[in-house]
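Residue-level structure breakdown
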Amino acid sequence: MAKKDTFRIVTCGSDGSLLIRDYPSIDPILNANLQIGSDDCSTDLELRGLPVFRGLIGPMPEGKNIVRYESPEVFETLTKEWGVAKPRRRTRRAKTEAAEPIST
C-alpha cells in the first residue's frame with residue numbers, strides 16, 4: 001500500500017475558483033482547524049484514524065498518496081456537478097455477417 005503523504009485542502013475563492021493547498025503533513029491543518037473527531041469508517045484503511053475537522057468535509061482519498069479535505073461549498077458544488085454529468089451513451093455495433101452453420 002502507498003503511504004498517504006500529501007494533505008490537500010480545497011476551498012472556494014471569492015471569485016468562485018477552487019483554491020488548493022497541499023501540505024506535507026497533517027500538522028499545519030491541525031494547528032489551523034478544530035478537530036472534532038477521528039475517521040473510523042472509511043473504506044480506505046489508510047484514512048482510518050485521521051482527524052475530522054469542524055468546517056471541512058473529509059478525509060477522503062484522492063489518488064494513491066493524497067488525503068483531501070474540502071470546504072462544504074466545494075463539496076456541494078462538486079457533488080452537484082458530478083450528479084448532473086451525463087454518462088456516455090453506449091452504442092451497439094451491427095453484426096457485419098451472420099455466422100453460417102457448419103454442415104458435416
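Residues numbered from 1 in each chain as written. Predicted model: local features only at pLDDT ≥ 70, side-chain atom pairs only at ≥ 80, totals over all residues. Heavy atoms only, no water.

We now examine the environment of G55. Checked against the element boundaries, G55 lands in the loop between β4 (51-53) and β5 (57-62). Once you skip the residues sitting within four places of it in the chain, G55 turns out to touch E70, S71 and P72. (Helix = DSSP H or I, 4+ residues; strand = E, 2+ residues; numbered from the N terminus. Contact = heavy atoms within 4.5 Å.)

Of all hydrophobic cores here, the largest spans ten residues; its members are F7, I9, I26, I29, L47, L50, F53, L56, V67 and Y69. Listed by contribution, the elements that provide at least two residues to this core are β1 (6-12) and β6 (66-70). (Core = buried A, V, L, I, M, F, W, Y, C linked by side-chain atoms within 4.5 Å. Buried < 20%, exposed > 50% of the residue type's maximum accessible area, 1.4 Å probe, protein only.)

Low-pLDDT stretches of the model should not have their predicted coordinates read in fine detail. Considering every residue of the chain, the mean pLDDT works out to 87; 86% of them sit at 70 or more. Ranking the elements of the chain by mean pLDDT puts helix α2 (residues 72-84) last with 86 and β4 first with 97. (pLDDT = per-residue confidence, 0-100.)

Taken together, four strands build an open sheet; the order of strands is β2-β1-β6-β5 and the sheet is mixed. The sheet is open, and its two edges are formed by β2 (18-23) and β5, each paired on a single side. Taken pair by pair, the neighbouring strands of this sheet meet at an average axis angle of 25°, ignoring direction. As defined by bridge partners, β1 adjoins β2 across six bridges and the pair is classed as antiparallel. Paired with V10 across the strands is I20, a residue of β2. Set on the sheet, α2 makes contact with β1, β2, β5 and β6; between it and β6 the angle comes to about 100°. (Pairing = 2+ DSSP bridges. Axes fitted to C-alpha atoms, helices over the stretch in contact; angles between N-to-C directions.)

Further remarks concern the side chain of D44. Tracing the chain through its elements places D44 in the loop between β3 (35-38) and β4. In this view, D44 contacts K4 and P61; residues no more than four positions away in its chain are not counted.

Attention now moves to the pairing of β5. Where β5 meets β6, four bridges bridge the pair, whose relative direction is antiparallel. Within β6, the residue paired with E62 across the bridge is I66. Remark: three residues form the turn of the hairpin made by β5 and β6, two consecutive strands paired antiparallel; G63 in that turn has positive phi of roughly 75°.

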